[in-house]
Every structure is written in structure tokens, then in C-alpha cells.
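Residue strings, one per chain:
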Amino acid sequence: MAGVVTAHLSDKASVRPKHINEPPVVRWILISLALLFLALIVVLPLVTIFVEAFKKGTEVYFASIKDPDALSAVKLTVMTALIAVPLNTVFGVAAAWAISKFRFRGKNILITLIDLPFAISPVISGLIFVLLFGARGWFGPWLDDHNLQIIFALPGIVLATTFVTFPFVARELIPIMQAQGVQEEEAAASLGAKGWQIFWRVTLPNIKWGLLYGIILCNARAMGEFGAVSVVSGHIRGETNTLPLHIEILYNEYQFSASFAVASLLLLLALVTLVVKSFIEWRAAKELHEGEGTP
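Residues numbered from 1 in each chain as written. Predicted model: local features only at pLDDT ≥ 70, side-chain atom pairs only at ≥ 80, totals over all residues. Heavy atoms only, no water.

A.B. asks: Give me the UniProt feature "transmembrane region" (unreviewed entry) in the chain: which residues, what numbers.
C.D. replies: Following the UniProt record, one finds the feature "transmembrane region" (unreviewed entry) at residues 25–51, 71–97, 109–135, 147–170, 211–236 and 256–276. Taken end to end, residues 25–51 has its terminal C-alpha atoms 36 Å apart, with 100% of it in helix and 0% in strand. Across residues 211–236, the secondary structure splits into 81% helix and 0% strand, with the terminal C-alpha atoms separated by 35 Å. (UniProt positions renumbered as here; feature names shortened; annotations may be inferred. Helix = DSSP H or I, 4+ residues; strand = E, 2+ residues; numbered from the N terminus.)

Shown next as C-alpha cells:
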């Protein structure tokens, strides 16, 4: 939602006083530098992925994608996202609601803890779960006695992914809900509305675009997570390898065409995410302009 607010502010700032307008030469230089940087850092690597993926022909490309290990990696990646993203959505909404609507001791500590995954390396977060749930970890003997496996299995991958991605929804909603205040909720409560009624009919409609934006960012990070998942997965081919891990294995085995073919799948998922994100930003900006009476 930050992108929507930025776009809205930029529209208002498009008409600038003449005395602070840059000369045309300066503007063209800045635009050219920005485009050159994007071409070298973003566009060129993306094009290279597809060029290398189809370097040995379409037969090798589709054979690499249809490989059982690749299909297993796709399935595991999607399954992990389908579990981690809803969990983070519920947590993000609850945390943002509590932080923005209530006063309580330890609020700043809660905000700091939400930001913790941004400060910790994903590899370190993976090691934390190994120390907790590994065979020699704190809960390892108990898990072994009850025939439960967390590390080197789906639960460990989901835990690591959830930890790395849980700030995204909360951090997207907190500033939005803080800016909205509590007036509408208090008005609904004064009219006799209950807690869930207030949430579904007042709070949720006001945060829907920010919530969707946070979910998309969370999903994109969940599908592309490498460091934490690499530590807890065990790299068991066909069982605990997600798409990023499978790409790494193929590349290390010098199967470059296959690795780039699978990487193109991950890239396509990212492009779909980008399209959905842009659509949500457009719809949110459109609603904002309509609400202000902007033609």
C-alpha cells in the first residue's frame, strides 16, 4: 500500500513551481541513468534466464520442467506458501489491529519483535529451528519419542518460511490502520455493533487493499525463500527440496539448462505476483481518487 500512497502523492506534486523545476538536461540525465541501471540490474538478468533456459531447445526445457524432482519441488513450494501465508495473514491482521487500536504495555516490544526477521539472517533463523527441533535440539528427544519429525520435513520448512515472512502483512497494515484511527469502530460500537461485526463491516473494508498487498508480498517471499529453508530441509531430492533449492542443486551439478528452466518457473510466478500487485495498486489508487472526487 506504500506504493499506492507514494503514487498518489506524486500525482499531487506533479505541478511544481517554476523556480524549482530542473532543467530538461538534468531530467533526461536522471531518467537515462535510472533506465540504464534497471536494464543492467533487472532486465538483463531476467532476459538471461530465459535465453539460458531455451539454449538447448524446447525439448530440454520441457523435460527439465516435467522431471519428477522438479514437479515435487513445485508441489512443496506451493504447499508451503499455502500454509505459511494464511498463518501470517491471521497474525498480521491481529497484530496490526492490536497495535493500532489499543493501548497496552509492551506495544513497542511487540513492534520490535515483528521487525526481528528483517534484522536476522535467514540462515540464522533456520539454525534456530534446528537447535529447537533437531535430533539434538531442546525438543528433539521428546519429538523422537513421539515419532514426530520437524526438521528435514514439511513442518520445519513451513516453520522457517513462516518466521521469515511473518512481518510482511503486519508491517503493511499497521501504518494504514494507525492512519485511519478508531473513530469509525467507536461509532459502530456506539450503535450496538459487536466485535466481529465491527471487523467485517468496518475495519476489513478499509484495509482490504493493504491486506491483499501484504499477502502478495508475503507469498512472493515465501515461494522464493532460500536461506532458512536450506538449513531445515536437509536437501532431500524429491522430498524436501523447494524450487530455489532444486535450482541450486541442478546448477551445482552443472545442469545449467535445467537449472535455468526451473528458474524460469520461479520467475514466471514472480511476474504473475508483480501483475497482481500492480492491479491492486491501480484499484486502490482508483478508489482513493473516487473517494476524493478526483475525475
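A.B. asks: Kindly report on the UniProt feature "domain: ABC transmembrane type-1" (unreviewed entry) in the chain, identifying the contributing residues and their values.
C.D. replies: Here, the residues flagged by UniProt with the feature "domain: ABC transmembrane type-1" (unreviewed entry) are residues 74–277. This span, residues 74–277, is 79% helix and 0% strand, and a straight line between its end C-alpha atoms measures 22 Å.

A.B. asks: Just give me the short version of the packing of helix α7 (residues 122–133) against helix α9 (residues 154–165), but keep the residues and values in it.
C.D. replies: At a minimum axis distance of 10 Å, the contact between α7 and α9 shows a crossing angle of 135°. By the angle class used here, α7 and α9 are oblique. Both α7 and α9 take part in a crossing whose hand is right-handed. Between α7 and α9, the contacting residues are S125, F129 and F133 on the first element and L159, A160, F163 and V164 on the second. Across the contact of α7 with α9, the residue classes break down as six nonpolar, one polar and no charged. (Axes fitted to C-alpha atoms, helices over the stretch in contact; angles between N-to-C directions. Parallel < 35°, antiparallel > 145°, perpendicular 65-115°, else oblique. Left-handed = near helix turned anticlockwise from the far one by under 90°. Contact = heavy atoms within 4.5 Å. Nonpolar A, V, L, I, M, F, W, Y, C, P; charged D, E, K, R; others polar.)

A.B. asks: Could you give me a rundown of the packing of aromatic side chains, with the residues and numbers involved?
C.D. replies: According to the stated counting rule, one finds 14 aromatic pairs in the structure shown. Where F91 meets F166, the ring centres are 5.2 Å apart and the plane angle is 85°; that geometry is what we call edge-to-face. Here the residue F91 occupies a position in helix α4 (residues 68–101), and F166 occupies one in the loop between α9 and α10 (167–180), the gap between them amounting to 75 residues. The exposure class assigned to F166 is buried, which follows from its relative accessible area of 15%. Between F118 and F168 the ring centres are 5.6 Å apart and the planes differ by 85°, which places this aromatic pair in the edge-to-face class. Here F118 is found in helix α6 (residues 116–119), whereas its partner F168 is found in helix α10, with 50 residues between them in sequence. By relative accessible area, F168 is classed as buried at 18%. (Phe/Tyr/Trp six-rings, centres within 6.5 Å; stacked < 30°, edge-to-face > 60°. Buried < 20%, exposed > 50% of the residue type's maximum accessible area, 1.4 Å probe, protein only.)

A.B. asks: Summarise the nonpolar core; cite the residues concerned and give the values.
C.D. replies: In this structure, I114, L173, I207 and L211 are the most contacted members of the largest nonpolar core, which totals 22 residues. Elements represented by at least two residues in this core include exactly α4, α5 (107–114), α10 and α12 (195–224). Counting residues in each nonpolar core, the second largest holds 14 residues, with F129, F163, V164 and L245 among its members. (Core = buried A, V, L, I, M, F, W, Y, C linked by side-chain atoms within 4.5 Å.)

A.B. asks: Let's hear about the packing of α9 against α12: which residues, and what values?
C.D. replies: Helices that pack against each other are described as a pair by the angle of their axes relative to one another and the distance between those axes. Two elements in contact, α9 and α12, have axes whose closest approach is 9 Å; the angle formed by their N-to-C orientations is 135°. Judged on the interaxial angle alone, α12 and α9 are oblique. Regarding α9 and α12, the two cross each other, and that crossing is right-handed. The residues of α12 that touch α9, namely those facing T161, V164 and T165, are C218, R221 and A222. Tallied by class, residues from the contact of α9 with α12 come to three nonpolar, two polar and one charged.

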